[in-house]
Amino acid sequence: MDGKELLDQAIRRVPDFPTPGILFYDITGVLVKPEAFKFCLDEMAKIYEGSDIDAVAGVESRGFVFAAPLAERLGLPLILIRKKGKLPGNTYGCKYALEYGTAEIEVHKADIKAGEKILVIDDLIATGGTLKAARNVIEQGGASVAEFFGIVGLPELNYKSALEPTPVRTIIDFAGA
């Protein structure tokens, strides 16, 4: 079985979560299968080794799981993009709409350096709303998003057009979301 097949089998599909009509792709199945998790990290490292990025940002909370080991492998700073009220220092913030509600994220002002190119990682990319808000908080600090990365992509929800002009990359895509 190749890595993508292993990854596909490890991702749980949960119907009607968190609300009726939503098919939730749960990556926690990847985390309990070390070979699937390693496949993701190896793929990410292959893609980004030697790239022109200055830092890696992870989006709370599952984005942290993938961003932290990648940042360590690449020898780059790790920036945490968190839900409102979770960071103790001065922050940049942005409110945004989810496919099933609203939310707000923040990042420490001290973690964003003007002129930096930052890779933003989340576990799953659906409508792009969370990542668009992540780009907003990064740009408030004078940095830019070099690329968005997700383990899973739901292309039918048009995240690429929502996130233009920033490039978006995923390891696996699911149709019919």
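See the structure above.
To start, this report covers the structure provided alongside it.

The next subject is the overall build of the protein chain. Scanning the protein chain from N- to C-terminus turns up 6 helices and 9 strands. In terms of overall size, the protein chain behaves like a compact globule, its C-alpha atoms giving a radius of gyration of 16 Å where 177 residues would be expected to give roughly 16 Å. When its C-alpha atoms are laid out on the principal axes, the protein chain stretches across 45 × 35 × 30 Å. Looking at the protein chain as a whole, 45% of its 177 residues are labelled buried. Sequence separation of at least 24 residues holds for 56% of the intrachain contacts in the protein chain that already meet a minimum separation of 6. Counting only carbon and sulfur atoms, one obtains 50% of the accessible surface of the protein chain, whose full area is about 8,500 Å². Taking the average place of the 20 positive charges on the side chains of the protein chain and the average place of its 25 negative ones, the gap between the two points comes to 4 Å.

With that settled, consider the nonpolar core. Nonpolar side chains in soluble globular proteins tend to be buried together. The biggest cluster of nonpolar side chains holds 31 residues, and the ones touching the most others in it are Leu 7, Met 44, Ile 121, Ile 151 and Val 152. Here the element with the most residues in this core is helix H3 (residues 34-48); it accounts for 7 residues. Ignoring any residue separated from it by four or fewer positions in sequence, one finds Ile 151 in contact with Leu 7, Cys 40, Met 44, Phe 66, Asp 122, Asp 123, Thr 170, Ile 171 and Ile 172.

Below, the discussion takes up the environment of Glu 60. Take Glu 60: it is sitting in the loop between strand S3 (55-59) and helix H4 (62-74). Taking the C-alpha atoms as reference points, Glu 60 and Asp 122, separated by 62 residues in sequence, lie 7.8 Å from one another. Excluding anything up to four places from it in sequence, Glu 60 contacts Ile 81, Arg 82, Lys 83 and Lys 86. Of note is the side chain of Glu 60, whose polar atom sits 2.8 Å from the backbone nitrogen of Lys 83.

Within the fold, Gly 85 resides in the loop between strand S4 (78-83) and strand S5 (91-98). A sequence separation of 66 residues divides Gly 85 from Thr 19, and the C-alpha atoms of the two residues are 25 Å apart.

For the coordinates displayed, the defined rule picks out 4 aromatic pairs. Pairing Phe 37 with Phe 66 gives two aromatic rings, centres 5.6 Å apart and planes at 65°, and the pair type is edge-to-face. With Phe 37 in helix H3 and Phe 66 in helix H4, this pair connects stretches of sequence that are 29 residues apart. Taking 5.9 Å as the distance between ring centres and 85° as the angle between the ring planes, the aromatic pair formed by Tyr 48 and Phe 149 counts as edge-to-face.

Attention shifts here to the side chain of His 108. Turning to its location among the elements, His 108 is positioned in strand S6 (residues 101-108). Judged by its relative accessible area of 19%, His 108 falls in the buried class. Not counting residues up to four positions away in its chain, the partners in contact with His 108 are Leu 87, Pro 88, Gly 89, Asn 90 and Thr 91.

Bringing the side chain of Asp 123 into the picture now. Within the fold, Asp 123 resides in strand S7 (residues 117-125). By relative accessible area, Asp 123 is classed as buried at 5%. Engagement of the side chain of Asp 123 in a polar contact is seen with the side chain of Arg 62, the distance being 2.7 Å. Dropping the residues within four chain positions of it, Asp 123 is found in contact with Ile 27, Arg 62, Gly 63, Phe 66, Gly 150, Ile 151 and Val 152.

Our focus in this paragraph is unusual backbone geometry. Cis geometry marks the peptide bond from Phe 17 to Pro 18, where omega comes out at 0°. Within the fold, Pro 18 resides in the loop between strand S1 (12-15) and strand S2 (23-26). Look at the link from Glu 60 to Ser 61: it is a cis peptide, with omega at -10°. Here Ser 61 shows up in the loop between S3 and H4.

This paragraph deals with the packing of H3 against H4. Their axes nearest at 10 Å, the elements H3 and H4 cross at an angle of 50°. When the axes of H3 and H4 are compared, the pair comes out oblique. When the axes of H3 and H4 are compared, the crossing they make is right-handed. Residues Phe 37, Cys 40, Leu 41, Asp 42, Met 44, Ala 45 and Tyr 48 of H3 touch H4, and the partners they reach there are Val 65, Phe 66, Pro 69, Leu 70, Arg 73 and Leu 74. Residue composition of the contact of H3 with H4, grouped by class: 11 nonpolar, no polar and 2 charged.

What counts and how
- Residues numbered from 1 in each chain as written.
- Predicted model: local features only at pLDDT ≥ 70, side-chain atom pairs only at ≥ 80, totals over all residues.
- Heavy atoms only, no water.
- Helix = DSSP H or I, 4+ residues; strand = E, 2+ residues; numbered from the N terminus.
- Rg over C-alpha atoms; globule rule 2.2 N^0.38 Å.
- Buried < 20%, exposed > 50% of the residue type's maximum accessible area, 1.4 Å probe, protein only.
- Contact = heavy atoms within 4.5 Å.
- Areas by Shrake-Rupley, 256 points an atom, 1.4 Å probe, with all protein chains shown as cover.
- Lys, Arg positive; Asp, Glu negative; His and termini not counted.
- Charge placed at Lys NZ, Arg CZ, Asp CG, Glu CD.
- Core = buried A, V, L, I, M, F, W, Y, C linked by side-chain atoms within 4.5 Å.
- Polar contact = N/O pair within 3.5 Å; in protein donor to acceptor, adjacent residues only side chain to side chain.
- Phe/Tyr/Trp six-rings, centres within 6.5 Å; stacked < 30°, edge-to-face > 60°.
- Axes fitted to C-alpha atoms, helices over the stretch in contact; angles between N-to-C directions.
- Parallel < 35°, antiparallel > 145°, perpendicular 65-115°, else oblique.
- Left-handed = near helix turned anticlockwise from the far one by under 90°.
- Nonpolar A, V, L, I, M, F, W, Y, C, P; charged D, E, K, R; others polar.

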